Amino acid sequence: MKIAVIYKWAANPQEASVAPNGKIDWSRATFTVSEYDHPAIELGRRLADATGAELIGISLGDEAAAPMAKKSALSRGLDELYLIPTPEQGADSTTTGLELAAAIRAIGDVDLVLAGDASIDIGAQLVPAVVAGALGWPAVAQVTEVASSDGGFQVTRNWQGGTQELAFDQACVLSVAPDAVNARVPGMKDILKAGKKPSETLALDQLDARLAPATTLVSRSQPKLAARKHEILDGADAANAAGTVVAGLRAVAAI
């Protein structure tokens, strides 16, 4: 059995800064494996260990960043890595999903695809569904557990405040909930082993991506920031100052 984890190598938004005009500055943000993909890799590793399956990782990205990206991903438990170099870092979710699905078809013999709930930089939560649609496989979100069962898979997912048990007798695409498992933190031994694990580059022009028409960005606007009043209250009359604050908060809440 072969289990694939589709993951993203992206800039960490926690290290980005927002200017007063609302524009986001990514210049100081470092790239990393999306933290939402960590549980998917961990869940895949546990299932692979239980079944003797091979756990592979598939990602799109900049070939120049490949050495660091590969080592970071492989150290988290993947057995092998496939990278599809792409000229565009900000491709829309449909294009990304179709390209990943093409890679899965090219690799072949993939029985299960796992993915994070979203990416840390965009968070559209669409790519796993696009991959499933392109492959003709069922898709399930908010997965917390998965086990091999009678030639298929037994899946547990969050559902309307509780859980739901599902059984599949075919390949499927599962989006893993962020709190599904506690992902392991790679140690020095894991990082050293990662450098010896196999990786392969898949040329995008050699994949049957069956791409849909590209999405055209028409316009973009920054959120409008409310003007600050900078009102100074006289603390000599505490009761009056408190009343002014309460009235101001109520006015804001009513907007």
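Residues numbered from 1 in each chain as written. Predicted model: local features only at pLDDT ≥ 70, side-chain atom pairs only at ≥ 80, totals over all residues. Heavy atoms only, no water.

## Description of the sheet that holds strand β1 (residues 2-6)
Heads up, the condition is: Between any two strands, pairing holds if DSSP finds at least two bridges. Secondary structure follows DSSP: runs of H or I at least 4 residues long count as helices, runs of E at least 2 residues long count as strands, and numbering of each begins at the N terminus. Only the stretch in contact is used when fitting a helix axis, every axis being a line fitted to C-alpha atoms; angles between N-to-C directions are given from 0 to 180 degrees. The contact criterion used throughout is that any non-hydrogen atoms of two residues lie within 4.5 Å.
With mixed pairing, the nine strands of this open sheet are ordered in space as β11-β10-β9-β12-β8-β1-β6-β7-β13. Taken across any chain shown, the strands that pair with only one partner, and hence form the sheet edges, are β11 (162-168) and β13 (199-201). Across this sheet, the average inter-strand angle for adjacent strands is 30°, counted without regard to direction. Of the pairings in the sheet, the one linking β1 to strand β8 (residues 112-116) comprises four bridges and is parallel in character. Residue pairing for β8: Ala4 is matched across the bridge by Val113. Its contacts with the sheet put helix α1 (residues 38-51) on β1, β6 (54-61), β8, β9 (139-149), β10 (152-159) and β12 (172-176), and the angle it makes with β9 is roughly 15°. The strands that helix α3 (residues 93-107) touches are β1, β6, β7 (80-85) and β8; relative to β6, the one it contacts most, it runs at about 140°.

## Things to note about the pattern of salt bridges
Defined as follows: Note on definitions: salt bridges are taken to be side-chain nitrogens of Lys or Arg within 4 Å of carboxyl oxygens of Asp or Glu. For every residue, the accessible area obtained with a 1.4 Å probe (protein chains only) is divided by the maximum for its type, and the residue is called buried under 20%, exposed over 50%, and partly exposed between those limits.
All chains considered together, the criterion is met by four salt bridges. A salt bridge links Asp49 to Arg45, with the nearest nitrogen and oxygen atoms 3.0 Å apart. Here Asp49 pairs with Arg45, and both are found in helix α1, just four residues apart, close to one helical turn. Since its relative accessible area comes to 53%, Asp49 is described here as exposed. Given a relative accessible area of 10%, Arg45 falls into the buried group.

## What to know about the confidence of the model for the protein chain
So the rule is basically this: Summary of the metric used: pLDDT quantifies the predictor's per-residue confidence within the range 0 to 100.
Across the protein chain, the average pLDDT comes to 84, with 87% of residues at or above 70. Between the elements of the protein chain, mean pLDDT differs from a low of 77, seen in helix α2 (residues 66-74), to a high of 95, seen in β12.

## Structural notes on the nonpolar core
Threshold: Buried Ala, Val, Leu, Ile, Met, Phe, Trp, Tyr and Cys residues form a nonpolar core when they are joined through side-chain atoms within 4.5 Å.
In terms of nonpolar packing, the biggest core is built from 33 residues, with Ile3, Leu78, Leu112, Leu114, Val146, Val155 and Leu174 touching the most fellow members. Broken down by secondary-structure element, the contributors of at least two residues to this core are β1, α1, α2, β8, β9, β10, β11 and β12. Ranked by residues supplied to this core, first place goes to α1 with five residues. Setting aside its immediate chain neighbours within four residues, Val155 contacts Val143, Glu145, Val146, Gln164, Glu165, Leu166, Phe168 and Leu174. Counting 26 residues, the second largest nonpolar core, distinct from the first, contains Ala4, Ile56, Leu135 and Ala209.

## What about the pairing of β11?
Relative to β11, β10 is paired through seven bridges, and the arrangement is antiparallel. Bridging across to β11, Gln154 finds its partner in Ala167. Taken together, β10 and the strand that follows it, β11, pair antiparallel across an intervening segment of two residues, in which Gln160 is found at a positive phi of about 50°.

## Re the packing of α3 against helix α4 (residues 127-135)
For clarity, the threshold we go by: Angles are sorted into four bins: roughly parallel if under 35 degrees, roughly antiparallel if over 145, roughly perpendicular if 65 to 115, and oblique for all others. Each helix crossing is assigned a hand: it is left-handed if the near helix lies turned anticlockwise from the far helix by less than a right angle, otherwise right-handed if that turn is clockwise. Classification used: nonpolar for Ala, Val, Leu, Ile, Met, Phe, Trp, Tyr, Cys and Pro, charged for Asp, Glu, Lys and Arg, polar for all others including Gly.
Axis separation between α3 and α4 bottoms out at 8 Å; the angle between their running directions is 50°. Between α3 and α4, the crossing angle belongs to the class labelled oblique. Viewed along their axes, α3 and α4 form a crossing whose handedness is right-handed. Here Ser93, Thr94, Thr96, Gly97, Leu98, Leu100, Ala101, Ile104 and Arg105 of α3 come into contact with α4, specifically with Val127, Val130, Val131, Ala134 and Leu135. When grouped by side-chain class, the residues that make up the contact of α3 with α4 number nine nonpolar, four polar and one charged.

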